[in-house]
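Remarks on the overall topology
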Amino acid sequence: MDPDFSAQDVARCDLCKTAIAQSYCDFCHLNLCKPCIGEHISDDYKKHIIVPFQQRKSTLIYPKCATHRNEDCKYQCKDCNIFVCFECVVSNQHQGHQYSKLEEMFTALKTQIEKDGDELENLILPKYEEISVDLQSQIASLNGEYEKLTTEMSKLREEMHREVDNVIDQMEREISQIKENHHSMLQKHLDEIKEIQALIQQTQTDLNELKESNKVCLTIQYNSKNSEYSHFPPKLKVTMPEFQPKQIKRKELCRIFGELIPLSTTLEERVFIAKKPNTSVRELLDEAEVLNTIKTGHRFLQSVTCLNDEHIWTSGLTADIKCFDNQGVLQKTIQTKSGRMPYDIAVDRDGALLYSDWETRTVYKVKNDQTEEIITLQGWKPVHLCVTSSGDLLVTMFSDDKTQSKVVRYSGSTVKQTIQFDNEGQPLYSGESYIKYISENRNLDICVADNRAGAVVVVNQAGKLRFRYTGHPSSTQEQTFVPRGITTDSQGRILTVDRDNKCIHILDADGQFLRYIDNCKLEHPWGLCVNSNDNLFVCEDDSSNVKKIKYMK
């Protein structure tokens, strides 16, 4: 067979070059027919490994030990982060160290590679193909849609004769420019999608090579890119321009002829869901339980946020932001850049600390002990923060004259969305209060505790009002409901602090009251957060303690 097409031929013996290979030396990496096996192993080399051809490359090829040259490295020293052989393991150099088996690491990563390949092929790449087809369809229909506009305007031109020719010509030029811009936006978006598609296809090729490879070093260096590809680009949604003719007098032609509504574009975020959401229900405990009390030493403790399941960040009325472990041991203290108190704190998906400073109108990011400004406002002051599941940052803010409040979504330092008014043009949030803690629910609803309004205001991802919760009638609650901190858990429940009644309200995702947490002797609770294990952390502003509470079964 032509060598250029040898991949289509059966595997031939690497010794005789003619017979079909039934076996394989997994040490020398040679195809062998049955007659040639004897010749291959006749050198008495003890490390030959003859296996059926279908089981080739099943023997792992370990890296050689740099210290003991005739030994294979089958372990990784966790303390030294190097490959070691058995002789190294028992030596004094690694005495008391922890080890990982390379075979187990190899097997685990092979499984991940197989999973990533399936996910790319069956979920991610088809979604990009769907996006590409949609954009191509929009581009293909542009001429027809814009032709409708031109035809409608031509009818009006016939009625107005020469007097309207100049106006019509001007508007046609505007349409041409809008069309060009429209086409350019869609084409640019399509080019970006195709570029990502090409990257994914290259990644698939690399994964296919890794699937077939039995090289340990190459495999354990594998880093999955699926998480990166899973964050689909925002959907470009373009509203076609409209031509709105008016009944006019000729003398008023230039002024009231009509107007051409330009392109309206919005970005709708696509959410990648690789697996069906966890539908298991964790029921609430009849009585919540305080697991631990952490003494922070803050003055007027206001905010707490989870760094991970083992550590929390806290802040109060001073410039100190403190990190504690779950046992209450202080791990780290950070000073704000301005020397003033932070108004709220949050942790982004990379584990970096974020804090707001309304005096400098800035949101800061602290990573590796370096502080940088990521958002600086004009005419508005940032207050409370929430990092969303997609990695965006939600910021509540109020105007300098304290008459307006809004929620702004940022991607980095770029504004993606502003939420301020309802469908009737009325403000969603009270203007004079700066206490507007914020959280995102698992269904992507945005939940705001509006202190001045005495309500929890919940809007959907698009910023449309879903409901307001203004408290639950109870003979045991003597004070008016005035919410402070707010958070959500894995079940989609909303938890909000009722400071004056020294309790926490638990609502379902639709705003229906479920129950109170009122048995934990909370002393003026304020901020709160929930970690991935659904443990609740609550600030007490008077005592400056954080209570870790279990409230789910």
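Calculation notes
- Residues numbered from 1 in each chain as written.
- Predicted model: local features only at pLDDT ≥ 70, side-chain atom pairs only at ≥ 80, totals over all residues.
- Heavy atoms only, no water.
- Helix = DSSP H or I, 4+ residues; strand = E, 2+ residues; numbered from the N terminus.
- 1 Å grid on protein atoms, 1.4 Å probe; cavity = no way out; pocket = protein on both sides within 12 Å on 5 of 7 lines; lining within 4 Å.
- Points joined across faces, edges and corners; volume = space filled by probe spheres on them.
- Nonpolar A, V, L, I, M, F, W, Y, C, P; charged D, E, K, R; others polar.
- Pairing = 2+ DSSP bridges.
- Axes fitted to C-alpha atoms, helices over the stretch in contact; angles between N-to-C directions.
- Core = buried A, V, L, I, M, F, W, Y, C linked by side-chain atoms within 4.5 Å.
- Buried < 20%, exposed > 50% of the residue type's maximum accessible area, 1.4 Å probe, protein only.
- Contact = heavy atoms within 4.5 Å.

Thoughts on the environment of Q76
Tracing the sequence through the fold places Q76 in strand β4 (residues 75-77). Considered as a pair, Q76 and V89 are 13 residues apart in the sequence and their alpha carbons are 9.4 Å apart.

Overview of the layout of surface pockets
Size it by volume and the largest pocket reaches roughly 1,100 Å³. Taken together, 38 residues line the largest pocket, and the ones lying closest to its centre are V387, E440, T487, T488 and V530. Of all the secondary-structure elements, those providing two or more residues to the lining of the largest pocket are β12 (303-306), β16 (344-347), β20 (380-387), β24 (436-440), β28 (483-488) and β32 (525-530). The class makeup of the residues in the lining of the largest pocket is 15 nonpolar, 15 polar and eight charged.

Structural notes on the sheet that holds strand β13 (residues 311-315)
Ordered in space as β12-β13-β14-β15, the four strands form an open sheet in which the pairing is antiparallel. Each having just a single partner strand, β12 and β15 (330-335) make up the two edges of the open sheet. Strand-to-strand twist across the sheet, computed as the mean angle between neighbouring axes with direction ignored, equals 20°.

Topic: the nonpolar core
Of all hydrophobic cores here, the largest spans 29 residues; its most connected members are I124, Y146, L186 and I200. Counting only elements with at least two residues in this core, the list comes to α3 (102-160), α4 (165-212) and β7 (235-239).

Points about the environment of C28
Here C28 is to be found in the loop between β1 (23-25) and β2 (30-32). Beyond its immediate stretch of four places on either side in the chain, C28 contacts H40 and H48.

Considerations on the sheet that holds β2
One open sheet accounts for three strands, arranged β2-β1-β3; its pairing is antiparallel. Pairing within the sheet leaves two strands with one partner each, and these edge strands are β2 and β3 (50-52). Averaged over all pairs of adjacent strands, the angle between strand axes in this sheet comes to 35°, irrespective of strand direction. Packing against the sheet, helix α1 (residues 34-41) makes contact with β1, β2 and β3, and its axis sits at approximately 130° to β2.

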